[in-house]
Amino acid sequence: MEKQTSDDLLERAFEKATELPIFIAGDLRLYGSLNEIPEGKISSFLNCTQRDFYNLGLCKRPDPLSPLFRSQVEKIASYAGVDAQRLAHLLRETDSAKAMQVLQSPPNSVHSPGYLMAARDKEDLSNRASQSKRRSKKRKTKKK
Amino acid sequence: MAAKDQFELSIHGRLLAGDDPIASAELFENFQGRLVNVLRKSFWQRDESLVVDAVTDALFGYIRNPGSYDPEKSRLFNYLVLAAKRDLINAVNSKVNREKSEISMSAVEDDQSGRNNVKETVDGNAPDASRRVRIMYGRELELKLLREISNSTDRAVLALMIDDVRETTEYASVLGITNLSATEQRKQVKMHKDRIGKQLERFGKRLRGKAN
């Protein structure tokens with residue numbers, strides 16, 4: 001099918017995708033900042049055009065721990081016309097950097113997994129409390 | 001089956017399966033530009049960034065939750081047009097509310113005695129009053145129209161009519177009658193369009209009645 005989206009529109013979508021962890025765009029930006037490579041130069045590092053770079057950023061991010069990682073990276077590399085080995089290296093590096101960030105964040109930080117888990121637990125407890133209140137109310141009305 | 005239909009079904013299946021990392025990028029390459037063009041044509045909205053963001057958000061929403069689309073009910077493209085329009089209306093609403101509060105804030109300034117003083121002039125960058133009125137009337141009219149046309153299929157047909165879509169196949173796809181012969185499809189589509197047209201006429205008469 002004929003491609004109908006201009007580079008400007010893809011660039012805007014890429015920008016927004018950098019904020020969504022399901023896409024590769026965020027990894028491309030993170031890799032650039034970790035290695036002090038300007039964004040325009042990352043496409044040269046991956047041997048692709050700027051349009052291919054945007055398309056690459058809009059691909060779903062494969063999980064480096066998944067057994068499908070290698071085949072998915074090859075598929076993405078072939079679609080976006082980038083070097084598969086470099087892409088795999090890039091994704092592994094950003095994955096490690098993200099893991100380090102989680103480990104290094106202080107325990108009370110809002111970004112730490114512990115904080116989120118505690119928040120979820122609190123939410124669960126309050127949900128359970130309100131559910132049991134509702135149940136006991138129902139029981140009382142039935143008795144009446 | 002047309003190539004466009006085949007592509008839509010295939011990409012939807014790949015996104016549903018969830019294991020194809022390039023399906024999302026292909027969706028953007030093939031749909032984003034077409035969706036932006038449709039929204040530009042059918043909305044008075046001239047703020048390009050709002051249109052582009054609404055389309056982008058609609059595509060992200062569908063990628064994250066492809067199960068929200070039912071291929072039995074409409075074509076993927078039409079579904080995405082409706083989703084993007086909804087996002088655009090929300091974005092315009094937020095923008096209007098934000099601008100309204102900015103205008104009211106900039107219209108009040110402290111005088112030398114320390115009391116608030118209402119200024120006669122407003123922020124030069126804010127939209128002019130007539131444009132704000134057009135935005136708000138457009139929003140109200142749309143809400144009234146959506147109450148009038150409550151059936152989701154009828155709304156999808158109406159969206160195609162508003163977009164000046166002429167092809168019977170587009171309407172047949174929305175109505176789920178692609179299995180009928182071309183003649184029968186034309187007949188059914190005409191019947192639906194006439195009925196919606198009559199509803200709109202009655203709606204218009206009621207609006208005029210209220211105005212008088």
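See the structure shown above.
Residues numbered from 1 in each chain as written. Chains lettered and ligands numbered in written order. Predicted model: local features only at pLDDT ≥ 70, side-chain atom pairs only at ≥ 80, totals over all residues. Heavy atoms only, no water.

With respect to the nonpolar core
Thinking step 1. In terms of nonpolar packing, the biggest core is built from 62 residues, with Leu56(A), Leu27(B) and Phe31(B) touching the most fellow members.
Thinking step 2. If sequence neighbours within four positions are ignored, Leu56(A) has contacts with Ile24(A), Leu28(A), Leu46(A), Ile76(A), Ala80(A), Val82(A) and Leu87(A).
Thinking step 3. Residues Val157(B), Leu158(B), Ala172(B) and Phe203(B) belong to the second largest nonpolar core, which totals 15 residues. (Core = buried A, V, L, I, M, F, W, Y, C linked by side-chain atoms within 4.5 Å. Buried < 20%, exposed > 50% of the residue type's maximum accessible area, 1.4 Å probe, protein only. Contact = heavy atoms within 4.5 Å.)

A closer look at the interface of chain A and chain B
Thinking step 1. Contacts between the two partners involve 23 residues from chain A and, on the opposite side, 24 residues from chain B.
Thinking step 2. For the pair chain A and chain B, the summed buried area comes to about 2300 Å², and 63% of that belongs to carbon and sulfur atoms.
Thinking step 3. In this structure, the connection of chain A to chain B is made through four salt bridges.
Thinking step 4. Measuring nitrogen to oxygen at the nearest pair gives 2.8 Å for the salt bridge that ties Arg12(A) to Asp53(B).
Thinking step 5. Counting every contact that joins chain A to chain B gives 11 residue pairs in polar contact (both at pLDDT 80 or more).
Thinking step 6. Counting residues per element, the ones that place at least two in the side of chain A that touches chain B are α1 (7-17), α4 (50-57) and α5 (69-80) of chain A.
Thinking step 7. In terms of residue count, the dominant contributor to the side of chain A that touches chain B is α1(A) (six residues).
Thinking step 8. Looking at the side of chain A that touches chain B, its residues break down into 12 nonpolar, four polar and seven charged. (Buried area = accessible area lost by both parts, 1.4 Å probe. Salt bridge = Lys/Arg side-chain N within 4 Å of Asp/Glu carboxyl O. Polar contact = N/O pair within 3.5 Å; in protein donor to acceptor, adjacent residues only side chain to side chain. Helix = DSSP H or I, 4+ residues; strand = E, 2+ residues; numbered from the N terminus. Nonpolar A, V, L, I, M, F, W, Y, C, P; charged D, E, K, R; others polar.)

Comments concerning the packing of aromatic side chains
Given two aromatic rings, one states the distance between the centres and the angle between the planes to describe the pair.
Thinking step 1. A full pass over the atoms with the stated rule returns 11 aromatic pairs over all chains.
Thinking step 2. Between Phe23(A) and Phe60(B) the ring centres are 5.2 Å apart and the planes differ by 45 degrees, which places this aromatic pair in the tilted class. Taken together, the positions of Phe23(A) in the loop between α1 and α2 (25-34) and Phe60(B) in helix α3 (residues 48-64) put the pair across two chains.
Thinking step 3. A relative accessible area of 1% means that Phe23(A) is categorised as buried. (Phe/Tyr/Trp six-rings, centres within 6.5 Å; stacked < 30°, edge-to-face > 60°.)

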